[in-house]
Amino acid sequence: ISVAATAALGPATAGLLRVDLASSLVLLLVAFVGWVITRYAATYLQGERDQQRSARWFAATLAGSMTVVLANHLLLVALAWWGTSLA
């Protein structure tokens, strides 16, 4: 869901996730910062032995952060926060 659609249509709830204007803006910010870090790490770690492993763990961290932003249930927030901390 785009930020413009969320602003026009209002919040949307699907099970344990909720998308409203604030969460879509924060999700956009998290995605942008994640993209910047991914691009930097790809160049910085080019040719390193553990580059793929590092990229997988960063993707898990990014997924956990995005889940925290979109969560609509306290248990899901706690689990996503815990997963982000482990990753």
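Look a little higher up for the structure.
Computed from a predicted structure; not experimentally measured. (Residues numbered from 1 in each chain as written. Predicted model: local features only at pLDDT ≥ 70, side-chain atom pairs only at ≥ 80, totals over all residues. Heavy atoms only, no water.)

1. Side note on the layout of surface pockets
Part 1: If you add up the space inside the largest pocket, you get close to 150 Å³.
Part 2: Ile-37, Thr-38, Ala-41, Ala-42, Leu-45, Gln-51, Ser-54, Ala-55, Phe-58 and Ala-59 are the residues that line the largest pocket.
Part 3: Those elements that provide at least two residues to the lining of the largest pocket are helix 2 (21-44) and helix 3 (51-70).
Part 4: Of all the elements, helix 3 adds the most residues to the lining of the largest pocket, at 5 residues. (1 Å grid on protein atoms, 1.4 Å probe; cavity = no way out; pocket = protein on both sides within 12 Å on 5 of 7 lines; lining within 4 Å. Points joined across faces, edges and corners; volume = space filled by probe spheres on them. Helix = DSSP H or I, 4+ residues; strand = E, 2+ residues; numbered from the N terminus.)

2. Here's the deal with the environment of Leu-70
Part 1: By the secondary structure assignment, Leu-70 is in helix 3.
Part 2: A sequence separation of 54 residues divides Leu-70 from Leu-16, and the C-alpha atoms of the two residues are 8.4 Å apart.

3. A word on the pattern of salt bridges
Part 1: A full pass over the atoms with the stated rule returns 2 salt bridges.
Part 2: One salt bridge in this structure joins Arg-53 and Asp-50, with 3.2 Å as the shortest N-O distance. (Salt bridge = Lys/Arg side-chain N within 4 Å of Asp/Glu carboxyl O.)

4. What to know about the environment of Ala-63
Part 1: The residue Ala-63 is located in helix 3 in this model.
Part 2: Separated by 20 residues in sequence, Ala-63 and Gly-83 have C-alpha atoms that sit 9.2 Å apart.

5. Side note on the packing of helix 2 against helix 3
Part 1: The contact between helix 2 and helix 3 brings their axes to 10 Å, and the two run at 170°. In terms of their interaxial angle, helix 2 and helix 3 are classed as roughly antiparallel. Contacts between helix 2 and helix 3 involve Ser-23, Val-26, Leu-27, Val-30, Ala-31, Gly-34, Ile-37, Thr-38 and Ala-42 from the former and Gln-51, Phe-58, Leu-62, Ser-65, Met-66, Val-69 and Leu-70 from the latter.
Part 2: A per-class count over the contact of helix 2 with helix 3 returns 11 nonpolar, 5 polar and no charged. (Axes fitted to C-alpha atoms, helices over the stretch in contact; angles between N-to-C directions. Parallel < 35°, antiparallel > 145°, perpendicular 65-115°, else oblique. Contact = heavy atoms within 4.5 Å. Nonpolar A, V, L, I, M, F, W, Y, C, P; charged D, E, K, R; others polar.)

6. Considerations on the packing of aromatic side chains
Part 1: Within this structure, the stated rule accounts for 2 aromatic pairs.
Part 2: Seen from their ring centres, Tyr-40 and Tyr-44 are 5.7 Å apart, and the 15° between their planes marks the pair as stacked. On the criterion of helical spacing, the pair formed by Tyr-40 and Tyr-44 is a turn pair, its members being 4 residues apart in helix 2.
Part 3: When its relative accessible area of 59% is taken as the criterion, Tyr-44 is described as exposed. (Phe/Tyr/Trp six-rings, centres within 6.5 Å; stacked < 30°, edge-to-face > 60°. Buried < 20%, exposed > 50% of the residue type's maximum accessible area, 1.4 Å probe, protein only.)

7. Observations regarding the side chain of Ser-24
Part 1: Mapped onto the elements, Ser-24 comes out in helix 2.
Part 2: Within the structure, Ser-24 has its side chain in polar contact with the backbone oxygen of Asp-20 (distance 2.5 Å). (Polar contact = N/O pair within 3.5 Å; in protein donor to acceptor, adjacent residues only side chain to side chain.)

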